[in-house]
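Analysis of the macromolecular model
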2 protein chains.
Amino acid sequence: LSNGLFVHVRKMLHSIPPADVALLLESTPVRNRSLLWKLIDTDYHGDVLEELSEDVRNGIMREMVPEKLADALEDMDTDDLAEMLHGLPDRVVQDVLESMDSMDRARAEQALSYGEGTAGFIMNTDTITLRPEVSVEVILRYLRLKQELPEDTDMLYVTNRYDKLIGTVSLTSLITAAPEISVEEIMEEEPEVIKVDMDETEVAKLFERHNWLSAPVVDANNQLVGRITIDDVVDIIREEAEHSMMSMAGLEDEEDTFAPVLKSTQRRSIWLGVNLFTALMAAMVSDLFEATLSQLAVLAILNTIVPSMGGVAGNQTLTLVIRGMALGHVSASNSRWLISKELAIGFLNGVIWAVLIASVVALWKQDYMLGLVIAFAMLVNMIAAGLSGVILPIVMKKLKIDPALAGSVILTTITDVVGIFAFLGTATWLLL
Amino acid sequence: LSNGLFVHVRKMLHSIPPADVALLLESTPVRNRSLLWKLIDTDYHGDVLEELSEDVRNGIMREMVPEKLADALEDMDTDDLAEMLHGLPDRVVQDVLESMDSMDRARAEQALSYGEGTAGFIMNTDTITLRPEVSVEVILRYLRLKQELPEDTDMLYVTNRYDKLIGTVSLTSLITAAPEISVEEIMEEEPEVIKVDMDETEVAKLFERHNWLSAPVVDANNQLVGRITIDDVVDIIREEAEHSMMSMAGLEDEEDTFAPVLKSTQRRSIWLGVNLFTALMAAMVSDLFEATLSQLAVLAILNTIVPSMGGVAGNQTLTLVIRGMALGHVSASNSRWLISKELAIGFLNGVIWAVLIASVVALWKQDYMLGLVIAFAMLVNMIAAGLSGVILPIVMKKLKIDPALAGSVILTTITDVVGIFAFLGTATWLLL
């Protein structure tokens, strides 16, 4: 890049689709990003911004002059506009709004008025509405005059004179219907709708369940206010699915892989801090048995095995339950069954790995009692791991804490403490 | 269920959509599932099967009589048919194919001929093709006669007389075009196509990048063989995103939360076995320092802190890199930059947590040298964690091993071994 190939790069940037330019920006270290950004034609800025992930996008938008940003955001769909502006500091949003023409500003303000994560925030307002009594022929003539339909239109909406949604007409039924028939006769009555304040996770579930391409959004009075299209839902589905994985490692959802060192270090430090605390707690449990440890150094050597196995077993259960909750499989009605199942697995796991570790230790250290001690500790900890793996996320969900975020740390603390206590406690009792 | 409320349940099962019945089945312990299944009307079986997750579906299909199964699979889309049959043992597939009528059998055999995970496997064959010279009016008349279009049709395909795809016409452009215009004039020429042997992950990326609702599938000769619709792509996107999370805990993608105890225990045991092996390796490293440990019990107490911090830091980097790879951000061209970034973060993390743990330990154990020893070990292990977190997945990907599956275990082994070695080694050198 630094070799004066600017013209070449600029040309290349305009020959590939915006999504690919976005991918390129996301794969570039922060330092070179603004350079690359300047090489992109300003007409192109809006399209590329739409495709960028949140973290990267906010970084770029904060460096732009408000007027330029307002230009880039012009003509954007309402839902995209809301998402863009949401990530910016209030002061910048004000500046950008002031640089917009009045119509764009009104749209932007309306979009921002719905909370993030609601149906209103992700909907578009460019719906085509029909009256029930009009004939198919008239509609087709009207659409032909209109020349263009909003992007991803698969359905037109039928409203009564109070703007209330009374039905939907798909493009396919419009095409296959006889011209003289009225809209009323081909419309689907009482269509399923999305309330404007519905949570986006629920919206995504409905889309997946019904295989929708788009769905109408209505307000509390059943008046049509917009529509949600599948392309925005796909983004939500990906984010939801990634969310669990990222939070289980203590990372933010759209964390930028190429963020600068200081920012990354700071973000990851919370998690490391929590872990230091739990590691110290485990150390304090060991500290209770200092006398035992100083007499039998072999215990120190084996002290990590039982907690480590418990941690893995517990995290397997936890991951499964968290996913089950996200998919809506785990609820109050079957949680008791699930708890007894994981208890049984924990017991079975405990027996299997207790026998195995006892044999290994008895052979390695030529100490049959030592084998018995570690076997007992393993059994206890595996049961504790299975139980906490299923009870923890259920309790956390009731307390409205995200189990993906804190579940793993709490679980590991439990399995560490129980494991060390069981192992060193039994050893103190039986071996001294 | 056991209280003779069968009629009531049966009624309820037919008043809710198939996706909800599927959800109900997935949330039910295996024992009650076949009972519930029998209460569902046989006409309904096919629709429900389509909505079930793989693991649950295979369980149910294996219990069905081949003739009944063939009935249920009748009239199913080609892509769904292929997916259903793929999960069954070959012998059962033969039985089912024999119970089908010849047309269904031909479709099923063709679908199965494409490998799982390719575009051919997930495509539908129900395309509507047009000739370029025909007028819009004629097309509309033809569609009106046809009465119904295949599900999720947003686009018709234009082929020449050798069946080669030469363009696409969207329903919207068909509606808005003047009737006398020819297809040629409104079609999009040289449309982007999907090759029939393309990997489904690539297909999903293309759909996401271009916000497609459907796309044509062509064979090596550019002849149209089918189309892929967004509803199938949504499933792939969810599976892909879940795959990383599940495999990082050593679980299978579509693992059934309500599988029986024995099956679950068996599936999870591989991972626990691998972990036992690595835990024993860590114990053996400690074993090298038995003499040191027997003289200083305090080392045994603190021995878990450094490995644990390294494990968390390393797993954060690993998770980030695995996601970056899945999104296509991490490649050969920027991996060197990423390695030096994570090296820097590792160093910075090392310094921060070394200072902190040194202070805690020096205060707690009133031993200033001990603080110094643990600080040094922490620094070394944090750097090792950062480096292996980024190098490991890159190397594994080159070796075509899934980093989500084995990365975490190998990483933890490295941070355990390095952490224990650095801590006990330095202690032996400085404190004895």
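Residues numbered from 1 in each chain as written. Chains lettered and ligands numbered in written order. Predicted model: local features only at pLDDT ≥ 70, side-chain atom pairs only at ≥ 80, totals over all residues. Heavy atoms only, no water.

1. Overview of the overall build of chain A
As a reminder, the rule being used: Labels follow the DSSP assignment, with helices taken as runs of H or I lasting at least four residues and strands as runs of E lasting at least two, numbered in each case from the N terminus. Atoms counted for the radius of gyration: C-alpha only. Globule rule: 2.2 Å times the number of residues to the power 0.38. Per-residue accessibility, obtained with a 1.4 Å probe over protein chains only, is compared with the maximum for each type, and a residue is labelled buried under 20%, exposed over 50%, and partly exposed between these values. The criterion used for residue contact is that any of the two residues' heavy atoms lie within 4.5 Å. Using the Shrake-Rupley algorithm and a 1.4 Å probe, accessible areas are obtained, with residue cover drawn only from the displayed protein chains. Under this rule, positive means Lys or Arg and negative means Asp or Glu; His and the chain ends count for nothing. Here the site of a charge means atom NZ of a Lys, CZ of an Arg, CG of an Asp or CD of a Glu.
Regarding its fold elements, chain A presents 22 helices and seven strands. The C-alpha atoms of chain A give 29 Å as radius of gyration, which overshoots the globular expectation for 432 residues (22 Å, by more than 25%). Taken along the three principal axes of its C-alpha coordinates, chain A extends 95 × 60 × 35 Å. When the 432 residues of chain A are sorted by exposure, 55% land in the buried category. Sequence separation of at least 24 residues holds for 66% of the intrachain contacts in chain A that already meet a minimum separation of 6. Counting every atom, chain A has about 18,700 Å² of accessible surface; 56% of that belongs to carbon and sulfur. Mean positive and mean negative side-chain charge positions of chain A (32 and 63 charges, respectively) differ by 3 Å.

2. Details of the environment of Val96 of chain A
All names here are of chain A. By the secondary structure assignment, Val96 is in helix H8 (residues 90-99). In the structure, Val96 is positioned 33 residues away from Thr129 in sequence and 31 Å away in space, judged by C-alpha atoms. Once you skip the residues sitting within four places of it in the chain, Val96 turns out to touch Pro66, Leu69, Ala70, Leu73 and Leu85.

3. Side note on the relation of the copies chain A and chain B
As a reminder, the rule being used: Only residues with pLDDT of at least 70 in both copies count here: their C-alpha atoms drive the least-squares fit that superposes the copies.
When chain A is brought onto chain B, the operation consists of a screw motion whose angular component is 180 degrees and whose axial shift is 0.0 Å, with 0.0 Å RMSD remaining. Expressed as an axis order, the relation between the two copies is that of a two-fold axis. A share of 99% of the interface residues of chain A reappears at the interface of chain B, consistent with the copies meeting face to face through the same patch.

4. Quick word on the interface of chain A and chain B
Here is the rule we go by: For this document, the term salt bridge refers to a Lys or Arg side-chain nitrogen within 4 Å of an Asp or Glu carboxyl oxygen. Contacts described as polar in this section are N or O atom pairs within 3.5 Å, which, within protein, must combine one atom able to donate a hydrogen with one able to accept it, while residues neighboring in sequence count only if both atoms come from side chains. Residues are grouped as follows: Ala, Val, Leu, Ile, Met, Phe, Trp, Tyr, Cys and Pro are nonpolar; Asp, Glu, Lys and Arg are charged; all remaining types, including Gly, are polar.
In this complex, chain A contributes 112 residues to the contact, which on the side of chain B involves 111 residues. At the junction of chain A and chain B, the tally comes to eight salt bridges. A salt bridge links Arg238 of chain A to Glu208 of chain B; the shortest N-O distance between them is 2.7 Å. In this structure, the connection of chain A to chain B is made through 28 residue pairs in polar contact (both at pLDDT 80 or more). A total of 17 residues in the side of chain A that touches chain B trace back to one element, the largest contributor, which is helix H16 (residues 261-287) of chain A. A class-by-class count of the residues in the side of chain A that touches chain B yields 60 nonpolar, 28 polar and 24 charged.

5. A word on the sheet that holds strand E1 (residues 129-130) of chain A
Paired through their backbone hydrogen bonds, the strands of a sheet run either parallel or antiparallel. Residue and element names in this part refer to chain A. Selection criterion: A strand pair is defined by DSSP finding two or more bridges across the two strands.
On the basis of which strands lie adjacent, the open sheet formed by four strands has the order E1-E2-E3-E4 and mixed pairing. Each of the sheet's edge strands pairs with one partner strand only, and the pair in question is E1 and strand E4 (188-189). Alignment of strand E3 (residues 165-170) against E4, held across two bridges, turns out to be antiparallel. Each bridged residue has a counterpart across the sheet, and for Thr168 the counterpart in E4 is Glu188.

6. Focus on the pairing of strand E2 (residues 155-159) of chain A
All names here are of chain A. This is how it is decided: By convention, a crossover is right-handed whenever its connection, traced from the first strand over the helix to the second and viewed with the strands pointing away, goes clockwise.
Counting buried residues in E2 gives four out of five residues, a clear majority hidden from the surface. Sheet analysis places E1 next to E2, joined by two bridges and oriented parallel. Note that in E2 the partner of Leu130 across the bridge is Val158. Since E1 and E2 lie parallel, the crossover through helix H11 (residues 136-146) that links them has a hand, and here it is right-handed.

7. Digging into the packing of aromatic side chains
All names here are of chain A. Here is the rule: When two rings of Phe, Tyr or Trp (its six-membered ring) have centres within 6.5 Å they constitute a pair, described as stacked for plane angles under 30 degrees, edge-to-face for angles over 60, and tilted for the intermediate range.
Scanning the entire structure with this criterion turns up six aromatic pairs over all chains. A centroid spacing of 5.5 Å and a plane angle of 85 degrees characterise the contact between Phe207 and Trp212, whose relative ring orientation is edge-to-face. With respect to class, Phe207 is no different from Trp212; both count as buried.

8. Here we look at the domain arrangement of chain A
Keep this limit in mind: Domain extents, as shown, originate in an automatic or database domain assignment.
Along its sequence, chain A is organised into domain 1 (6-122), domain 2 (129-229) and domain 3 (261-431). One C-alpha centre belongs to domain 1 of chain A, the other to domain 3 of chain A; they are set 46 Å apart.

9. Focus: the side chain of Thr413 of chain B
Residues and elements named next belong to chain B. Its place among the elements puts Thr413 in helix H22 (residues 403-431). Of note is the side chain of Thr413, whose polar atom sits 2.7 Å from the backbone oxygen of Val409. Setting aside residues up to four positions removed in sequence, Thr413 forms contacts with Thr278 and Met281.

10. A closer look at the sheet that holds strand E6 (residues 214-218) of chain A
Residues and elements named next belong to chain A. If you walk across this open sheet you meet the three strands as E5-E6-E7, and the pairing is mixed. The strands lining the two open edges of the sheet, one partner per strand, are strand E5 (194-195) and strand E7 (224-229). In this sheet, E7 lies alongside E6 in antiparallel orientation, the contact comprising five bridges. Residue pairing in the sheet places Pro216 in a bridge with Arg227 of E7.

11. Here's the deal with helix H15 (residues 230-248) of chain B
Residues and elements named next belong to chain B. This is how the line gets drawn: Multiplying one less than the number of residues by 1.5 Å gives the expected span of a helix.
Along its 19 residues, H15 runs 28 Å from first to last C-alpha, staying within 8% of the 27 Å computed at 1.5 Å per residue. The element H15 is largely enclosed, with a buried count of 15 among its 19 residues. Where H15 ends, the next residue or the one after it, Gly250, has phi of about 70 degrees, a positive value.

12. Regarding the pattern of salt bridges
Counted according to the given criterion, the structure contains 14 salt bridges over all chains. Glu342 of chain A is paired through a salt bridge with Arg268 of chain B; the nearest N and O atoms lie 2.9 Å apart. Placement of the pair is Glu342 of chain A in helix H20 (residues 332-365) and Arg268 of chain B in helix H16 (residues 261-288), with the two residues belonging to separate chains. Two residues, Asp55 of chain B and Arg267 of chain B, come together in a salt bridge whose shortest N-O distance is 3.0 Å. Residue Asp55 of chain B is found in helix H5 (residues 54-63), and its partner Arg267 of chain B is found in helix H16; the two are separated by 212 residues along the sequence.

13. Some details on the nonpolar core
Cut-off, in case you're wondering: Buried Ala, Val, Leu, Ile, Met, Phe, Trp, Tyr and Cys residues that are joined via side-chain atoms within 4.5 Å together make up what is termed a nonpolar core.
Within the largest apolar cluster, 80 residues are counted, with the highest numbers of intra-cluster contacts made by Leu302, Ile305 and Met378 of chain A together with Leu302, Ile305 and Met378 of chain B. Met378 of chain A has contacts with Ile305, Val306, Met309, Gly350, Trp353, Ala354 and Ile357 of chain A together with Leu276 of chain B, leaving out every residue within four places of it along the chain. If you look at the next biggest cluster of nonpolar residues, it comprises 39 residues, including Val203 and Ala215 of chain A together with Phe207 and Trp212 of chain B.

14. Brief notes about unusual backbone geometry
Even without a glycine there, the phi angle at Lys400 of chain A is positive, about 60 degrees. Tracing the backbone shows Lys400 of chain A in the loop between helix H21 (368-398) and helix H22 (403-431). Lys400 of chain A gets classed as exposed once you look at its relative accessible area, which sits at 78%. Backbone geometry places Asn211 of chain B, a non-glycine residue, at a positive phi of 50 degrees. Relative to the assigned elements, Asn211 of chain B resides in the loop between helix H14 (200-210) and strand E6 (214-218).

15. Brief notes about the pairing of E7 of chain A
Of all the six residues making up E7 of chain A, five are buried; the element is thus mostly covered by neighbouring parts of the structure. Counted along the chain from E6 of chain A to the antiparallel partner E7 of chain A, the turn is five residues long, and its residue Asn222 of chain A has a positive phi close to 65 degrees.

16. Observations regarding helix H7 (residues 78-86) of chain A
Three or four residues apart is the spacing at which side chains of an α-helix point the same way, because the helix has 3.6 residues per turn. Taken across its nine residues, H7 of chain A has seven buried, putting it largely inside the fold. Turning to H7 of chain A, its buried residues number three or more, namely Thr78, Asp79, Asp80, Leu81, Ala82, Met84 and Leu85 of chain A.

17. Here we look at a negative patch on the surface
Applicable threshold: Each patch is built from residues that are more than 30% exposed by relative accessible area and take part in no salt bridge. Like charges join if they lie within 9 Å; nonpolar side chains (Val, Leu, Ile, Met, Phe, Trp, Tyr) join within 5 Å.
A cluster of acidic side chains, namely Glu67, Asp71, Glu74, Asp75 and Asp101 of chain A, defines a negative patch on the protein surface. Under the relative-accessibility criterion, Glu67 of chain A is labelled partly exposed at 46%.

18. Overview of a nonpolar patch on the surface
Residues and elements named next belong to chain A. Together, Ile391, Val395, Leu399 and Ile401 line one region of the surface with nonpolar side chains, adding up to about 330 Å² of accessible area. Residue placement: Ile401 occurs in the loop between H21 and H22. Judged by relative accessible area, Ile401 falls into the partly exposed class, the value being 38%.

19. Comments concerning the confidence of the model for chain A
Definition in use: pLDDT is defined as a per-residue confidence score from the predictor, taking values between 0 and 100.
Predicted confidence across chain A gives a mean pLDDT of 87, with 99% of residues reaching 70 or more. Within chain A, H21 of chain A carries the highest mean pLDDT (95), whereas helix H1 (residues 6-15) of chain A carries the lowest (75).

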